[in-house]
Amino acid sequence: MKIGLRHTFKNIFSDFIDGLLYKLGKRATYEENRSGSKTLIKEISDDGILDKATILLTPTAWSDARLHSVKTYTGTNLVTNGDFATDSDWTKGTGWTISGGSANCNNTSGSTQDLKTENRILNLGGKTVKIEFTVSNYSGSASMIVTLEGTGGNDFTGINANGTYNAYASIASSSNSIDLLFKASNGWIGSIDNISVKDVSSDFDFERDSSATRVDEDGLIQDMQSLVEPELVENGDFSELGSELTDNSGLDATWLGWNLNTADINGGIISCTAVATGLGVYCTYDNNLLTTTMPTASWFKITCQAKVSSGHSFAVHTQMHNSGITDSSTITSTAWVDVELYAYKDTGSDYFNIRSMSDIGMTAYIKNISVKQLDPDDDWSVANSTTGIEENKAVITSDGSNAKITTQISGTSGDVVKVTFNISDEVSTGLAYVRIDGTDIQASGSWVSGDTTVYYTLVSSGTLDLVFMTYSTATASFTLKDVSVKDVTFSEDVDLPRIDYTGGVGHILLEPASTNLVTYSEDFSEWSLNSNLTLSLNSATSPDGNVSADNVSYVGSVGTPAGKNMQMTISVGGGTANKDFTNSIYIKGTGEFRIKNTHGGVVDSYTSDLTATSDWVRYDLSVSNSSSVGSGDQIVGILAASTDAAFNLDIWGAQLEELSYATSYIPTHTGVAVTRDAETLDGSGNDTLINSTEGVLYCEIAALSDDLTYREISLSDGTSTNRVEIRYTTNSNRIQALIRNGSYLALQYDVSSIVDFNKVAFKWKTEDFALWVNGVEVATDATAFVTSGLNRLAFDQGTSGNTFYGNTKCLAVFDEALSDVELAALTS
């Protein structure tokens, strides 16, 4: 019985956690790491204290500029009669009515008309709310604005389509009485329903005014903007098919014209018996009936099933009159086989055939004929080619001129685009090349083959041509697949929080501002290369999954080791004394090597000899320039080991930062340094969620580096003088818990490494303060100390100072002081 009861409770808690995550996913635009988050939540649930957590954050769900907590205080819907069950509680302007469970608008008054809450929403000062509603039955072209009056701006603008809308608004602490207004402009017609305003104060406001990369669940480096940036190429995988153009319902007499042979249509099967050798056997779909529905200058996919009488063979051909482009498949089977063919229709085509040359006594059978247009939206155009678009690829074969396939993209002048594609099946080595907006962009000026990634800065605005073409004018050909163009300038929608999987476990990553001073982080042809080294471009799959890694090799034992190097000289101006610099680079391969980071030849720093492995490893070197450095450039590079042994290295992602440690990868492609802005995470909590007199602040965190700076997570009243916090300090590997209210009390403990994840809990209660780390109570204090007014949870010291930069697996606030047993279980 106990086992069964235990199993039942286990299921109940599992269902409860699933319910939390389901609700979390509904609030967010993006959700991931569910299994990892479920494990974290289950640990707290197993400790029996999940209900006591008023705020619980795990690396699970996010939206633009929001990181969502698992547990958030929503309370009840603050809008009375948001489902319009009755015609009450709302003030209606001209054209607004309430009936049928919705508010309905048909505004023809010539001016904007409001639907407004009759009773003001109270006690929202200092809180964050989520506004949500549904629009249906919309018609016309007019727009509506939806706003919480008194919050300092509109929360929704341009509502002119059906759908469910939601947005977040932070309410000023002085705004305790708010009206919700739906402001319909003249001509707005539609219905509003399911209106809610809920307190979601445990979600976090996130800000980073730039792009940033992370390590994704597959271990690949990924730019966060790639999740939201639209694809600029339409039908880049050549997968678009039009609707069915044939009618197989009986395959009746609309199939005509069996030439000088005996033909029959029965049970959906066309059969034809040849009465003479060498005569064409063909069927035409009612001469013009099909061709009139087939757009000209287009490619088509034809499928059917076919078989032939025993001892014979025949070739199923496609032919467009005047086209000259055909495809065929030889049939020898007496059982039905699938046939897939392609055909092109030019402007003069007036009939469509499925055709075969026959031998006497042969009987051919065909059924289930299908004709569909490839690339129905005409996203690609082909010139000077005897073949063209097929499903999932384009086959370009020169007809004696430079054959090419072209599409158009819409770009913004000055933006950088990332172009990826695959070229294969070239009839000779080094054949196809690529142009964008009239400029050749093939990698390193050589003809391309295989998976390729190149970057290009758009030099004009408007419509741009992307062209793939043959260099040869003879019988040259190539296959093109998987074309993608994305804008990697990322000027908008950059406030996307990062769930990073470095080490294989998802965590929230927050980093300071940093600039990659290496101006070509992936194109090493821009680096200085010693003559004893050999460089090959785009020769390996890189840590981001693209074929964009270069290769550098050295045969060994030539001259002095220091002379065998490749390097980039970076101008950092004068006055670089007493500054920290860290360079990093991804390397895999064979052999020994060193990396270096020097300043103008005055300060020479090299790693010890390193041995490459078959896996990508990010190697880094940090240097601190002395006060005697003076002016000069910074030089980073790779060189031979002291053993002067040979090496063969794939290299990618070089970076130089003015920091004492390496941060996440910042790509550079256009000869200029790129900056990733600092990240902030705050805006969570209110006095409903935080008990100022007692509670527990818990986190599982790891520092980016033991860099001897303050990095803090705090509960505060929005100031740095009244707060409870956990922080890293200016002492090596020290974790400190601090409570401040005029005076302060501090508990601290030195761990083996703050770069590793540690579970930390700080309990506060007058005369009962304790710091727990990794299952052990490491410090206590019984001072009669009282706090008050705590209503803000943020990754800083209560104001914008001492921002927490690091990795976070879990963060929780408990509104009561937990017992020693509970704290031991929580931090174990």
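Residues numbered from 1 in each chain as written. Predicted model: local features only at pLDDT ≥ 70, side-chain atom pairs only at ≥ 80, totals over all residues. Heavy atoms only, no water.

Attention shifts here to the overall build of the chain. Helix and strand content of the chain: three helices and 63 strands. In the chain, which comprises 828 residues, the proportion classed as buried is 50%. Restricting the contact set of the chain to residue pairs at least 6 apart, pairs at least 24 apart contribute 74%. (Helix = DSSP H or I, 4+ residues; strand = E, 2+ residues; numbered from the N terminus. Buried < 20%, exposed > 50% of the residue type's maximum accessible area, 1.4 Å probe, protein only. Contact = heavy atoms within 4.5 Å.)

Moving on to the confidence of the model for the chain. The predicted model of the chain averages 85 in pLDDT, with 85% of residues at 70 or higher. Here residues 1-13 is modelled with pLDDT under 50, and outside its nearest four sequence neighbours on either side it reaches one contact, counting other chains as well. Segment residues 256-260: pLDDT under 50, and 15 contacts once partners within four positions in sequence are set aside and those in other chains are kept. (pLDDT = per-residue confidence, 0-100.)

Along the chain, D544 turns up in the loop between β44 (533-540) and β45 (549-554). Taking the relative accessible area as the measure of exposure, D544 reaches 15% and is therefore buried. Within polar-contact distance, the side chain of D544 engages the side chain of S542 at 2.3 Å. Among the polar contacts listed, one links the side chain of D544 to the backbone nitrogen of N546, at a separation of 3.0 Å. Apart from residues no more than four positions distant in its own chain, D544 is found in contact with L220, I221, K418 and W652. (Polar contact = N/O pair within 3.5 Å; in protein donor to acceptor, adjacent residues only side chain to side chain.)

With that settled, the discussion passes to the packing of aromatic side chains. One pass over the full model with this rule turns up 21 aromatic pairs. Through pairs of rings, three or more aromatic residues link up here, namely F84, W90, F133, Y165 and F182. Of note, K809 hangs over the ring of F757, and the distance from its end group to the ring centre comes to 4.4 Å. (Phe/Tyr/Trp six-rings, centres within 6.5 Å; stacked < 30°, edge-to-face > 60°. Lys NZ or Arg CZ within 6 Å of the ring centre and 35° of its normal.)

Of all the nine residues making up strand β63 (residues 806-814), nine are buried; the element is thus mostly covered by neighbouring parts of the structure. Judged from the three bridges that link them, strand β41 (residues 507-510) and β63 form a sheet pairing that is antiparallel. Across the sheet, residue L510 finds its bridge partner in β63, namely G806. With eight bridges joining them, strand β54 (residues 694-703) and β63 adopt antiparallel strand pairing. Its bridge partner being in β63, E700 is matched across the sheet by C810. (Pairing = 2+ DSSP bridges.)

The next subject is the environment of F769. For F769, the location among the structural elements is in strand β60 (residues 769-773). Along the chain, F769 and A782 lie 13 residues apart, while their C-alpha atoms are 6.2 Å from each other. When sequence neighbours within four positions are dropped, the list of residues in contact with F769 reads I739, L745, L747, F762, K763, W764, A779, T780, D781, T783 and F785.

Our next topic: helix α2 (residues 34-46). Here α2 is 13 residues long and its end C-alpha atoms lie 18 Å apart, about the 18 Å a rise of 1.5 Å per residue gives. The complete set of buried residues in α2 reads S37, L40, I41, I44 and S45. Down the axis of α2, the buried side of the element spans an arc of 145°, and every buried residue falls inside it. Of the exposed residues in α2, those oriented more than 90 degrees away from the buried face are S35 and D46. Phi for G48, located one or two positions after α2, is positive at around 75°. (Expected span 1.5 Å × (residues − 1). Arc of directions from axis to C-beta.)

By the definition in use, this model includes 33 salt bridges. One salt bridge in this structure joins R66 and D205, with 2.2 Å as the shortest N-O distance. Here R66 is found in strand β4 (residues 66-68), whereas its partner D205 is found in strand β16 (residues 204-207), with 139 residues between them in sequence. Note that D707 and R711 form a salt bridge whose closest N and O atoms lie 3.1 Å from each other. Exposure remark for R711: the relative accessible area of 4% places this residue in the buried category. When salt bridges that share partners are traced, they join R208, R498, E511, R676 and E679 into one network. (Salt bridge = Lys/Arg side-chain N within 4 Å of Asp/Glu carboxyl O.)

In this section: the sheet that holds β4. The antiparallel open sheet is built from five strands, whose spatial order is β1-β3-β4-β16-β53. At either margin of the open sheet sits one strand with a lone partner, and together these are β1 (30-31) and β53 (680-682). For β1 and strand β3 (residues 61-63), the ladder comprises two bridges, and the chain directions are antiparallel. The residue bridging Y30 from the neighbouring strand is W62, located in β3.

Here we come to helix α3 (residues 820-827). Within α3, burial applies to E822, L823, L826 and T827. Looking straight down α3, one finds that the buried residues subtend no more than 115° of arc, so they occupy a single side. Elements in contact with the buried residues of α3: α2, β54, β59 (758-765), β60, β61 (776-781) and β63.

A few words on the sheet that holds strand β10 (residues 128-139). The five strands are arranged β6-β7-β15-β10-β13 in an open sheet whose pairing can be described as antiparallel. Because the sheet does not close on itself, it has two edges, and the strands there are β6 (96-99) and β13 (163-170). Sheet twist, expressed as the average angle between the axes of neighbouring strands with direction ignored, equals 30°. The pairing of β10 with strand β15 (residues 189-199) spans eight bridges and is antiparallel. Paired with S136 across the two strands is S191, which belongs to β15. (Axes fitted to C-alpha atoms, helices over the stretch in contact; angles between N-to-C directions.)

Structurally, S102 is set in strand β7 (residues 102-106). What makes S102 buried here is its relative accessible area of 11%. Polar contacts involving the side chain of S102 include one to the side chain of N104, which spans 2.8 Å.

The next subject is the pairing of strand β32 (residues 393-397). Here β32 lies mainly inside the structure; four of its five residues are buried. The pairing of strand β31 (residues 389-390) with β32 spans two bridges and is classified as antiparallel. Looking at β32, one finds that E390 is bridged to K393. Turn length for the β31-β32 hairpin, with the two strands adjacent in sequence and antiparallel, is two residues, and the turn residue N392 shows positive phi of about 70°. Direction of pairing for β32 relative to strand β39 (residues 477-487): antiparallel, over a ladder of four bridges.

Now for the environment of V555. On the secondary structure map, V555 appears in the loop between β45 and β46 (565-570). The exposure class of V555 is exposed, given its relative accessible area of 68%. Remark: the alpha-carbon pair of V555 and T534, spanning 21 residues in sequence, is separated by 9.0 Å.

Once that is clear, we can look at the nonpolar core. Of all hydrophobic cores here, the largest spans 45 residues; its most connected members are L715, L793, F795 and L811. Looking at this core, the element that brings in the most residues is β54, giving four residues. When sequence neighbours within four positions are dropped, the list of residues in contact with L811 reads I55, L56, L57, F204, L697, Y698, C699, I713, L793 and F795. Within the second largest apolar cluster, 33 residues are counted, among which are W90, I121, V146 and A169. (Core = buried A, V, L, I, M, F, W, Y, C linked by side-chain atoms within 4.5 Å.)

Taken together, the side chains of E231, E234, D377 and D378 make up a negatively charged region of the molecular surface. Residue placement: D377 occurs in the loop between β29 (363-374) and β30 (380-383). (Patch = residues over 30% accessible without salt bridge, like charges linked within 9 Å, V, L, I, M, F, W, Y side chains within 5 Å. Areas by Shrake-Rupley, 256 points an atom, 1.4 Å probe, with all protein chains shown as cover. Lys, Arg positive; Asp, Glu negative; His and termini not counted. Charge placed at Lys NZ, Arg CZ, Asp CG, Glu CD.)

Overall, the coordinates contain zero disulfides when judged by the stated rule. The closest cysteine sulfur to the non-disulfide-bonded C810 is located on C699, 8.9 Å from its own sulfur. Taking the relative accessible area as the measure of exposure, C810 reaches 2% and is therefore buried. (Disulfide = S-S within 2.5 Å.)

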